[in-house]
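# Examination of the molecular architecture
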Amino acid sequence: MPRVWLKIKLPRDSIVKYSLNHPDDEFRMLTSHRTEDGLRVVVDAETADPKAFFQVLDTAPEVRSYEVLHTDQQGMLLQVETAEHEPRVAARTTGMLPQYPMVLRNGWQTIETIISWERLSSLKTEFEERDVSFEILSISQSVEVTDLLTARQWEVLTEAITRGYYDTPRGCSLTELADALDVNPSAVSGVLHRAEEQIIKSFAAETKQIDSLNPPY
């Protein structure tokens, strides 16, 4: 399944506003789980103004309670009881399982997840219905070229690459490649064309899926 990196613009609650006002600060959500009326999260916070951040935590209506687990010169580790925001509800509804840490910086939360194309499409729909701004940063799909090609196509393609057929300038001609494989040039051309067709169509289809998931701005 695709591995997806995306960023989500969170609702402007008190903590997100603080993040927007301190764009260089970083808040890493290390783990979370649902409670009866919200979320319990563990956050590794790096902020240049800890005093101001604690003031936000003390007054933020979405924060039910918090506990400082650890502090040092690099930052602080907190356990926070908070309300569940709309992007989180949308992700849970579609079955998205985020990888931790999730990073909040300058009002945007960056998330990595492994998710099917179908669930990713459903997530896009949920975000749009809930008016959640988001952006797909990248998608990687671990598809082996050998899964797309027959054994003969892979053999001929490998020989062509090894002999520099695809180099610029070419290291060998189609005729020379055919001689090395002990077949006629038209046969080599046909095998390569079918292999190239599979690779290019697979690449184009995946690129089209990625493009269709990002909302227009």
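The structure under discussion appears in the preceding block.
I will try to describe carefully the structure that is included in this document. This one's a predicted model, so the numbers in the text were calculated from it and none came from an experiment.

## Observations regarding the overall build of the protein chain
Of the regular secondary structure elements, the protein chain holds eight helices and eight strands. In terms of overall size, the protein chain is more extended than a compact globule, its C-alpha atoms giving a radius of gyration of 25 Å where 217 residues would be expected to give roughly 17 Å. C-alpha extents for the protein chain along the principal axes are approximately 80 × 40 × 30 Å. For the protein chain, buried positions account for 36% of its 217 residues. Here the contacts in the protein chain between residues at least 6 apart in sequence split such that 65% fall between residues at least 24 apart. Carbon together with sulfur atoms contributes 50% to the accessible area of the protein chain, which is approximately 12,700 Å² in total. Computing the positive centroid from 22 side-chain charges and the negative centroid from 35, the protein chain places the two 4 Å apart.

## Structural notes on the packing of aromatic side chains
Per the counting criterion, the structure on display carries six aromatic pairs. Ring centres 6.2 Å apart and planes at 20 degrees place the aromatic pair F54 and Y66 in the stacked group. Taken together, the residues span a long stretch of sequence, with F54 in helix α2 (residues 50-59) and Y66 in strand β4 (residues 63-72) at a distance of twelve residues. Aromatic ring contacts, followed pair by pair, group Y18, F27 and F53 into a single cluster.

## Some points on the packing of helix α6 (residues 151-162) against helix α7 (residues 174-181)
Packing of α6 against α7 brings their axes to within 11 Å, and their N-to-C directions diverge by 125 degrees. The angle between the axes of α6 and α7 places the two elements in the oblique class. The way α6 lies across α7 gives a crossing that is right-handed. Judged by residue contacts, V156, E159 and A160 of α6 engage L177, A180 and L181 from α7. A breakdown of the residues in the contact of α6 with α7 according to their chemical character gives five nonpolar, no polar and one charged.

## Things to note about the layout of surface pockets
If you add up the space inside the largest pocket, you get close to 580 Å³. Of all the elements in the fold, those that place two or more residues in the lining of the largest pocket are α1 (14-21), β2 (26-34), β3 (39-46), α2, β5 (75-82), α3 (86-93), β6 (98-105) and β7 (108-114). Looking at the lining of the largest pocket element by element, the count peaks at four residues for α3.

Cut-offs used in this document
- Residues numbered from 1 in each chain as written.
- Predicted model: local features only at pLDDT ≥ 70, side-chain atom pairs only at ≥ 80, totals over all residues.
- Heavy atoms only, no water.
- Helix = DSSP H or I, 4+ residues; strand = E, 2+ residues; numbered from the N terminus.
- Rg over C-alpha atoms; globule rule 2.2 N^0.38 Å.
- Buried < 20%, exposed > 50% of the residue type's maximum accessible area, 1.4 Å probe, protein only.
- Contact = heavy atoms within 4.5 Å.
- Areas by Shrake-Rupley, 256 points an atom, 1.4 Å probe, with all protein chains shown as cover.
- Lys, Arg positive; Asp, Glu negative; His and termini not counted.
- Charge placed at Lys NZ, Arg CZ, Asp CG, Glu CD.
- Phe/Tyr/Trp six-rings, centres within 6.5 Å; stacked < 30°, edge-to-face > 60°.
- Axes fitted to C-alpha atoms, helices over the stretch in contact; angles between N-to-C directions.
- Parallel < 35°, antiparallel > 145°, perpendicular 65-115°, else oblique.
- Left-handed = near helix turned anticlockwise from the far one by under 90°.
- Nonpolar A, V, L, I, M, F, W, Y, C, P; charged D, E, K, R; others polar.
- 1 Å grid on protein atoms, 1.4 Å probe; cavity = no way out; pocket = protein on both sides within 12 Å on 5 of 7 lines; lining within 4 Å.
- Points joined across faces, edges and corners; volume = space filled by probe spheres on them.

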